[in-house]
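# Breakdown of the fold
Each chain, written out:
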Amino acid sequence: MYDATNRPADAVRPRPGHGHGHDIVLFDMFGVIARHQSEDGKARLVATAGVPEVPFWAAYWGLRQPYDRGDVTGPGYWRQVADALGTGFGPGQVARLVEADILSWSGVDDTMVALIEELAAVGRRIALLSNIPEELAVHYEARHAWLKHFQVRAFSCRIGHAKPEPGAYRWCLDALGAEAGKVLFVDDREENVLAAEAGGLRGHLFTTPAALRKALRLSA
């Protein structure tokens, strides 16, 4: 998922025997580099669906994991949402919902983009693990050149695993050819960080760019 609720204080969990000055950094995207779903975007989605807000979000999130994992396309996902709501969305409405959904997740944090570019410039190995559906992945690839800095881009819709499923982290380790203890995973959702740590990765619960810089031992 992309949304975050209440989060405890930012923390890196030390793993005995492993420093983190030269770890590979595996980043989450939404809530870390990209911004959370915008309020305007959320309002547009509800208005486009034409249904009450509370059941809309229950269906939206309740059916999201298979969409993120690539098990279903955008139109298929929105048909499932309609079924869950006891209604129907016509083809034009589905297209508008797909578009509104993409736009609601389109904001990025320029401070974090600058940090990514800084890490790439000094040769730090960085990778990306994002729960993201195909339509949104295509949107980001077409618009954000900074994605090229990531040695591995693990989009859930293309790897068949979505966080916090253990397979998502294993896929990244295999793609990186790295030992789990040499990878620092950065995410704003504690359940995703805990799942990474259960797989042997180091974890950093993201709250601010400044706290992350400190964890990475970078000067302000």
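This one's a predicted model, so the numbers in the text were calculated from it and none came from an experiment.

About the criteria used
- Residues numbered from 1 in each chain as written.
- Predicted model: local features only at pLDDT ≥ 70, side-chain atom pairs only at ≥ 80, totals over all residues.
- Heavy atoms only, no water.
- Core = buried A, V, L, I, M, F, W, Y, C linked by side-chain atoms within 4.5 Å.
- Buried < 20%, exposed > 50% of the residue type's maximum accessible area, 1.4 Å probe, protein only.
- Phe/Tyr/Trp six-rings, centres within 6.5 Å; stacked < 30°, edge-to-face > 60°.
- Helix = DSSP H or I, 4+ residues; strand = E, 2+ residues; numbered from the N terminus.
- Pairing = 2+ DSSP bridges.
- Right-handed = clockwise from strand over helix to strand, strands pointing away.
- Axes fitted to C-alpha atoms, helices over the stretch in contact; angles between N-to-C directions.
- Parallel < 35°, antiparallel > 145°, perpendicular 65-115°, else oblique.
- Left-handed = near helix turned anticlockwise from the far one by under 90°.
- Contact = heavy atoms within 4.5 Å.
- Nonpolar A, V, L, I, M, F, W, Y, C, P; charged D, E, K, R; others polar.
- Salt bridge = Lys/Arg side-chain N within 4 Å of Asp/Glu carboxyl O.
- pLDDT = per-residue confidence, 0-100.

## Focus: the nonpolar core
With 51 residues, the main nonpolar core has F27, M29, I33 and W78 as its most contacted residues. Grouped together as the second largest cluster of nonpolar side chains are 21 residues, I24, L26, C172 and L176 included.

## Some remarks on the packing of aromatic side chains
This structure, assessed with the given rule, holds 16 aromatic pairs. Relative to Y60, the ring of W57 lies with its centre 4.8 Å away and its plane at 70 degrees, an arrangement referred to as edge-to-face. Of this pair, W57 and Y60 both sit in helix 2 (residues 53-62), three residues apart, which is roughly one turn of that helix. Taken together, the aromatic side chains of F30, F56, W57, Y60, W61, Y67, Y77, W78, F89, W105 and Y140 make up a single cluster linked through ring pairs.

## Here we look at the pairing of strand 3 (residues 126-130)
Taken across its five residues, strand 3 has five buried, putting it largely inside the fold. Side chains I126, L128 and S130 project from strand 3 onto one buried face, and the interleaved A127 and L129 project onto a second face that is buried too. Judged from the three bridges that link them, strand 2 (residues 24-27) and strand 3 form a sheet pairing that is parallel. Bridge assignment links L26 to a residue of strand 3, and that residue is A127. Handedness of the strand 3-helix 7 (residues 134-143)-strand 4 (residues 152-155) crossover: right-handed.

## Structural notes on the packing of helix 2 against helix 4 (residues 74-85)
Between helix 2 and helix 4, the least distance of the axes is 9 Å, while the angle of their chain directions is 135 degrees. In this view, helix 2 runs oblique relative to helix 4, as classed from their interaxial angle. Crossing angle aside, the handedness with which helix 2 passes helix 4 is right-handed. For the pair formed by helix 2 and helix 4, the contact residues are P55, F56, A59 and Y60 on the first element and Y77, W78, V81, A84 and L85 on the second. By residue class, the composition of the contact of helix 2 with helix 4 is nine nonpolar, no polar and no charged.

## Digging into the pattern of salt bridges
Within this structure, the stated rule accounts for 13 salt bridges. For R69, the salt bridge is made with D71, and the minimal N-O distance between the two is 2.8 Å.

## Examining the confidence of the model for the chain
Averaged over every residue, the pLDDT of the chain is 91; the share at 70 or more is 89%. Here residues 1-21 scores under 50 on pLDDT; set against residues more than four positions off or in separate chains, the count is 68 contacts.

## Considering the environment of L201
With respect to the secondary-structure elements, L201 resides in the loop between helix 10 (190-198) and strand 6 (202-205). As a C-alpha pair, L201 and G181 span 20 residues in sequence and 5.0 Å in three-dimensional space.

## Overview of the pairing of strand 4
Both strand 3 and strand 4 contribute to a ladder of four bridges, which runs parallel. Looking at strand 4, one finds that L129 is bridged to A154.

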